[in-house]
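Inside the fold
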Amino acid sequence: QVQLVESGGGLVQAGESLTLSCAASGRIFSNYVMGWFRQAPGKEREFVAAITWSGGRTYYVDSVNGRFTISRDNSKNTVYLQMNSLKPEDTAVYYCAAGDLYYSVTYRDKGAYEYWGQGTQVTVSS
């Protein structure tokens, strides 16, 4: 089992920045691919970013590429999502997820992840 707890959400204005954190406990954190997903009201949960177990490779949805950065610190069992130049359309509940994944094609698939946090709200006003 892996327990995930997100933090760092809040209300910001368009153009501002936020950093989300996801603290993991339980099984060996460094074994897992970590992902960030988000869900806006009335919409499906969508992939935002993922990072491999070593942190060597990162993946992003096109809409956040160049604005968001995912990173991890395996010594602290924590994954981060640095969000810059926020837009109103980034408003959503953000979830972190952990998965024992091998093929990169699965990193964007929410169904492939085994463990999820409770989510943290990010609201961007215009």
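Attention here is on the structure that accompanies the text. Counting restarts for each chain, with residues numbered from 1 along the sequence as it is written. In keeping with the model being predicted, local features are shown solely for residues with a pLDDT of at least 70 and side-chain atom pairs are shown and tallied solely at 80 or more, while totals for entire chains, interfaces and linings include all residues. Working from all heavy atoms in the structure, the side-chain values ignore hydrogens and water.

Here we look at the overall build of the chain
- Strands here mean DSSP runs of E at least two residues long; helices mean DSSP runs of H or I at least four residues long; both are numbered from the N terminus. On a plain count of helices and strands, the chain comes out with zero helices and eleven strands.
- Counting from the amino terminus, the chain carries its helices and strands in the arrangement β-β-β-β-β-β-β-β-β-β-β.
- Two things to know: the radius of gyration comes from C-alpha atoms, and the globule rule equals 2.2 Å times the number of residues to the power 0.38. In terms of overall size, the chain behaves like a compact globule, its C-alpha atoms giving a radius of gyration of 13 Å where 126 residues would be expected to give roughly 14 Å.
- Taken over 126 residues, the chain has a buried fraction of 42%.
- Whether two residues touch is decided by their heavy atoms; if any such pair falls within 4.5 Å, the residues are in contact. Relative to all contacts within the chain whose residues are 6 or more apart in sequence, the contacts with residues 24 or more apart total 59%.
- On the chain, roughly 6500 Å² of surface is accessible, and the fraction owed to carbon and sulfur atoms is 47%. Partly exposed describes any residue whose relative accessible area lies between the buried limit of under 20% and the exposed limit of over 50%, with all areas from a 1.4 Å probe on protein chains only and scaled to the type maximum. Working definition of accessibility: Shrake-Rupley area with a 1.4 Å probe, residue cover restricted to the visible protein chains.

Focus: the nonpolar core
- Here the nonpolar core consists of buried residues drawn from Ala, Val, Leu, Ile, Met, Phe, Trp, Tyr and Cys, with membership extended through side-chain atoms lying within 4.5 Å. Membership of the largest hydrophobic core comes to 39 residues, with the highest contact counts inside it found for Leu-4, Met-34, Trp-36, Leu-81, Met-83 and Tyr-94.
- In this view, Met-83 contacts Glu-16, Ser-17, Leu-18, Leu-20, Arg-67, Phe-68, Tyr-94 and Val-122; residues no more than four positions away in its chain are not counted.

Section: the environment of Thr-78
- Within the fold, Thr-78 resides in strand S8 (residues 78-83).
- The spatial distance from the C-alpha of Thr-78 to the C-alpha of Val-5 is 9.5 Å, given a sequence separation of 73 residues.
- Setting aside chain neighbours within four positions, we find Thr-78 in contact with Ser-21, Cys-22, Ala-23, Phe-29, Ser-71, Arg-72 and Asp-73.
- Within the structure, the side chain of Thr-78 is placed 2.8 Å from the backbone oxygen of Lys-76, a separation counted as a polar contact. A 3.5 Å cut-off defines polar contacts: any pair of N or O atoms within that distance qualifies, except that in protein one atom must be a possible hydrogen donor and the other a possible acceptor, and neighbouring residues in sequence count only when both atoms are side-chain atoms.

A look at the environment of Glu-6
- Note that Glu-6 resides in strand S1 (residues 2-7).
- When the C-alpha atoms of Glu-6 and Val-79 are compared, they prove to be 9.3 Å apart, with 73 residues separating the residues in sequence.
- Discounting chain neighbours no more than four positions away, the residues touching Glu-6 are Ser-21, Cys-22, Trp-36, Tyr-94, Tyr-95, Cys-96, Gly-117, Gln-118, Gly-119 and Thr-120.
- Polar side-chain contacts of Glu-6 include one of 2.8 Å to the backbone nitrogen of Cys-96.
- At 3.0 Å, the side chain of Glu-6 and the backbone nitrogen of Gln-118 are in polar contact.

Some words on the pattern of salt bridges
- Here, a salt bridge means any Lys or Arg side-chain nitrogen found within 4 Å of an Asp or Glu carboxyl oxygen. This model, assessed by the stated rule, comprises four salt bridges.
- Between Glu-46 and Arg-38 there is a salt bridge, with the nearest N and O atoms lying 2.6 Å from each other.
- Residue Asp-90 pairs with Arg-38 through a salt bridge whose shortest N-O separation is 2.9 Å. Here Asp-90 is found in the loop between S8 and strand S9 (92-99), whereas its partner Arg-38 is found in strand S4 (residues 33-39), with 52 residues between them in sequence. Across the pair, Arg-38 and Asp-90 agree in class, each one buried.
- Because the salt bridges share partners, they merge into one network encompassing Arg-38, Glu-46, Arg-67 and Asp-90.

Quick look at unusual backbone geometry
- A positive phi angle, close to 55°, is found at Asn-77, a residue other than glycine.
- Take Asn-77: it is sitting in the loop between strand S7 (68-73) and S8.
- Residue classification places Asn-77 among the partly exposed residues on the basis of a relative accessible area of 28%.
- Backbone geometry places Ser-85, a non-glycine residue, at a positive phi of 50°.

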